[in-house]
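Summary of the model geometry
Now for the letters of each chain:
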2 protein chains.
Amino acid sequence: MSVPHLSESTEMYLKAMVELSGTEAVMIGRLAERLNVTPVSANEMVRRLGEQGLVSHKPYKGVTLTEKGNEVACNVIRRQRLWECFLYDHLKIEWSQVYEFACSLEHATAPQVTEALANFLGNPQTCPRGNPIPDKNGSFIPLDGILLSEAKVGDTVTILAVNATATDVLKYLQEKNILPGQKMTVLEAAPLQGPLMLKVGSKEVALGLSLAEFVIVKSNR
Amino acid sequence: MSVPHLSESTEMYLKAMVELSGTEAVMIGRLAERLNVTPVSANEMVRRLGEQGLVSHKPYKGVTLTEKGNEVACNVIRRQRLWECFLYDHLKIEWSQVYEFACSLEHATAPQVTEALANFLGNPQTCPRGNPIPDKNGSFIPLDGILLSEAKVGDTVTILAVNATATDVLKYLQEKNILPGQKMTVLEAAPLQGPLMLKVGSKEVALGLSLAEFVIVKSNR
DNA sequence: TGGAATAATAAGGTCAACCATAACATTTGG
DNA sequence: CCAAATGTTATGGTTGACCTTATTATTCCA
Ligand SMILES: [Mn+2]
Ligand SMILES: [Mn+2]
Ligand SMILES: [Mn+2]
Ligand SMILES: [Mn+2]
């Protein structure tokens, strides 16, 4: 009847593809990096995913999700983000740890449990990191924002979402108060990939550019 | 630092040992049966578990959990039963399906999540099937009851727990109202391993002996 | 007490998901 | 436009957790 249960590894590859680029092609190197495997391993895995019709790989051009692969990926993301809500809102787990714990649970969650959980939570629209939660069919409204790293000096922005997944990165951002809903002003952008100087609340914060790439913001007017 | 994460398979072998016999030795054949693998496979796995110091195997005498193995097993059971509570009480999942869904989640649950969940649930003492939930240290008070299959004709008993794990068995028992808390009377025990005739509420129910072995009861007075 | 049932061991496979090393292909920026 | 960086493919390994078939050992009860 249903899908013969995809492995955790399979689900993580598909999810990583969406997290890395939405619907764009992803280079195997990026995938490998994200998943902490060698490029050769990622290549092999992509071949297997291709054989299952989940991705299509154009050599030297990157990997893209098929319709089917995208559906699976969005479903994993739905489970992931629903668990994030539960862990944060009900179990009172640390904001910075919620992603990693949810990332285990997501692979152990049957469709019936997913839907019962969504219902229990009141069908939330966003996770604690600010990202939209796909609906049962996998569709969701992408955030209408820009990367903080692309904001202009002088801009005052509101954080829509934090896209980091590594616990240490999340912890660092949490400490600096870089959280969804937070307003801040870009005071200065240092040259040579230098840090952004931000005014967050009453504090000045220096944020490395690559960290700023994890932050999705909306310009205020 | 902590244990290097035991595989799902490892956790299931250890849990099965407790479920099958508490602290008694388990024959590899029973283990194999329960886990749906061949005896040869169970043997190999038991060897690996032995190498990790989780069990000790006396050929022809059965397998027993070491101290360490028992601790792990009880911890898995704790996670399992806490999830059963959550799924049943909060997500309103079917009683008969709760075990199988919890049996996936149990392997994906970090200690921090386990404790936060216990707290959220109000540190329940029993799961929906009536079994005690081990505390953080793995200790729990075993049920003080007998198998329904050993009850005498004429006995009136109260169901303490249902130890079945297969969803179809649980569904069958649920349909017959064989549930924790239920009172019933043993009307007749057919010869030659024949079924027990029970008076459950206002209904008469015929229950096969091997099914009755899943039911733990307490004689009323 | 001897044979059937059960258990254990041996031997040889499979499969998914990783690894390393090496050779080769393509892209791309300086 | 060419060389370095990146990506791909080929080979050959490993590990855990399964499998089958065959042989041997033990138990235990009729
Ligand atoms: Mn995950
Ligand atoms: Mn399980
Ligand atoms: Mn072998
Ligand atoms: Mn090979």
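Residues numbered from 1 in each chain as written. Chains lettered and ligands numbered in written order. Predicted model: local features only at pLDDT ≥ 70, side-chain atom pairs only at ≥ 80, totals over all residues. Heavy atoms only, no water.

**With respect to the coordination of the manganese ion (ligand 2)**
Residues and elements named next belong to chain B. To keep it simple, the criterion reads: Donor atoms (N, O, S) are those found within 2.8 Å of the metal centre, with the cutoff raised to 3.2 Å for Na, K and Ca; water is not part of the atom list, so apparent gaps in a site can occur. The rule is simple: take the accessible area with a 1.4 Å probe, protein chains only, and divide by the maximum for that residue type; under 20% is buried, over 50% is exposed, in between is partly exposed.
The coordination sphere of the manganese ion (ligand 2) contains the protein donors M12 (SD), C103 (O), C103 (SG), E106 (OE) and H107 (NE2), at a distance range of 1.9 to 2.6 Å. Going along the chain, you hit the donors of the manganese ion (ligand 2) in the pattern M-x90-C-x2-E-H. Neither residue differs from the other here; C103 and H107 are each classed as buried.

**Here we look at the packing of aromatic side chains**
Rule in force here: A pair of aromatic rings is counted whenever rings of Phe, Tyr or Trp (Trp by its six-membered ring) have centres within 6.5 Å, and the orientation is called stacked for planes under 30 degrees apart, edge-to-face for over 60 and tilted otherwise. Secondary structure counts use DSSP, requiring at least four H or I residues in a row for a helix and at least two E residues in a row for a strand, with both numbered from the N terminus.
This structure, assessed with the given rule, holds nine aromatic pairs over all chains. Ring centres of A:F120 and B:F120 lie 6.5 Å apart, and the angle between their planes is 85 degrees; this geometry places the pair in the edge-to-face category. With one member in each of two chains, A:F120 in helix 6 (residues 111-121) and B:F120 in helix 6 (residues 111-121) form a pair that bridges those chains. Ring centres of B:W83 and B:F86 lie 5.8 Å apart, and the angle between their planes is 70 degrees; on these two criteria the pair is classed as edge-to-face. Placement of both B:W83 and B:F86 in helix 4 (residues 67-90) is noted, with a separation of three residues, approximately one turn of the helix.

**Notes on the sheet that holds strand 6 (residues 196-200) of chain A**
Residue and element names in this part refer to chain A. Condition: In this analysis, strands are considered paired if DSSP registers two or more bridges between them.
In space, the six strands of this open sheet follow the order 3-8-4-5-6-7, with antiparallel pairing throughout. Only two strands of the sheet have a single partner each, and these edge strands are strand 3 (146-147) and strand 7 (203-207). With three bridges connecting them, strand 4 (residues 156-162) and strand 5 (residues 183-189) associate as antiparallel partners. Counted as the bridge partner of T156 is T185 from strand 5.

**Notes on the protein's contact with DNA strand D**
This is how it is decided: Residues are classed as near a molecule or strand on a simple rule: at least one heavy atom within 4 Å of it. What qualifies as a polar contact is a pair of N or O atoms within 3.5 Å, subject to a donor-acceptor requirement within protein and to the restriction that residues adjacent in sequence count only when both atoms come from side chains. Under the grouping applied here, Gly and all other residues not named as nonpolar or charged are polar, the nonpolar ones being Ala, Val, Leu, Ile, Met, Phe, Trp, Tyr, Cys and Pro and the charged ones Asp, Glu, Lys and Arg.
Around DNA strand D sit 22 residues, and of these A:H57, A:Y60, B:S7, B:S41 and B:E44 come closest. Each atom of DNA strand D within 4 Å of the protein was classed as base or backbone; sugar and phosphate made up 66%. In this structure, A:H57 approaches DNA strand D through a side-chain N or O atom, which is 2.6 Å from a phosphate oxygen. Here a phosphate oxygen of DNA strand D and a side-chain polar atom of B:K61 are 3.5 Å apart. Counting only elements with at least two residues in the surface near DNA strand D, the list comes to helix 2 (28-35) and helix 3 (39-51) of chain A together with helix 1 (8-21) and helix 3 (39-51) of chain B. With five residues, helix 3 of chain B is the largest single contributor of residues to the surface near DNA strand D. Its residues assigned to classes, the surface near DNA strand D shows ten nonpolar, nine polar and three charged.

**Thoughts on the sheet that holds strand 3 (residues 146-147) of chain B**
Residues and elements named next belong to chain B. Taken in spatial order, the six strands of this open sheet run 3-8-4-5-6-7, and their pairing is antiparallel. A strand with exactly one partner marks an edge of an open sheet, and here the two such strands are strand 3 and strand 7 (203-207). Here two bridges tie strand 3 to strand 8 (residues 215-219), and the two strands are oriented antiparallel to one another. Among the inter-strand pairings, I146 is bridged to a residue of strand 8, identified as V217.

**A word on the environment of A:L31**
Stated precisely, the cut-off is as follows: We call two residues in contact when some of their heavy atoms are within 4.5 Å.
Structurally, A:L31 can be placed in helix 2. The residues contacting A:L31, other than those within four sequence positions of it, are A:Y13, A:A16, A:M17, A:L20, A:V26 and A:V46.

**A closer look at the side chain of A:R78**
Residue and element names in this part refer to chain A. Note on placement: R78 falls in helix 4 (residues 67-90). Polar contacts involving the side chain of R78 include one to the side chain of E115, which spans 2.6 Å. Excluding its chain neighbours within four sequence positions, the residues that come into contact with R78 are T114, E115, A118, I133, P134, D135 and K136.

**A short note on the domain arrangement of chain A**
Residue and element names in this part refer to chain A. Stated formally: Residue ranges labeled as domains rest on an automatic or database domain assignment. Buried surface area refers to the total accessible area, computed with a probe of radius 1.4 Å, that the two partners give up upon joining, counted for both partners together. Here a salt bridge means any side-chain nitrogen of Lys or Arg lying within 4 Å of a carboxyl oxygen belonging to Asp or Glu.
As far as domains go, chain A holds domain 1 (1-142) and domain 2 (146-219). Centre-to-centre separation of domain 1 and domain 2, based on C-alpha positions: 25 Å. Counting residues at the interface gives twelve residues for domain 1, matched by 13 residues for domain 2. When the two sides are added together, the surface that domain 1 and domain 2 hide from each other amounts to roughly 1,000 Å², 54% of it contributed by carbon and sulfur. Inspection of the region where domain 1 meets domain 2 yields zero salt bridges. Our count for the domain 1 to domain 2 interface comes out at five residue pairs in polar contact (both at pLDDT 80 or more).

**Section: the pattern of salt bridges**
Tallied over the entire structure, the rule returns 18 salt bridges over all chains. B:R78 is paired through a salt bridge with B:E115; the nearest N and O atoms lie 2.6 Å apart. Here B:R78, found in helix 4, pairs with B:E115, found in helix 6; they are 37 residues apart in sequence, far enough to count as distant. B:R78 gets classed as buried once you look at its relative accessible area, which sits at 5%. On the basis of relative accessibility, which here comes to 25%, the residue B:E115 falls in the partly exposed class. Here B:K218 makes a salt bridge to B:D144, at a shortest N to O gap of 3.2 Å. On the criterion of sequence distance, the pair formed by B:K218 in strand 8 and B:D144 in the loop between helix 6 and strand 3 is long-range, its members being 74 residues apart. By relative accessible area, which is 56% here, B:D144 ends up exposed. Through salt bridges that share partners, A:K15, A:E19, A:R34 and A:E106 make up one connected network.

**Quick word on the side chain of A:T109**
With respect to the helices and strands, A:T109 occurs in the loop between helix 5 (95-105) and helix 6. Residue class for A:T109 comes out buried when judged on its relative accessible area of 8%. At a separation of 2.8 Å, a polar atom in the side chain of A:T109 contacts the side chain of A:W83. At 2.6 Å, the side chain of A:T109 and the backbone oxygen of A:L105 are in polar contact. Beyond its immediate sequence surroundings of up to four residues, A:T109 is in contact with A:R79, A:W83, A:T114 and B:L105.

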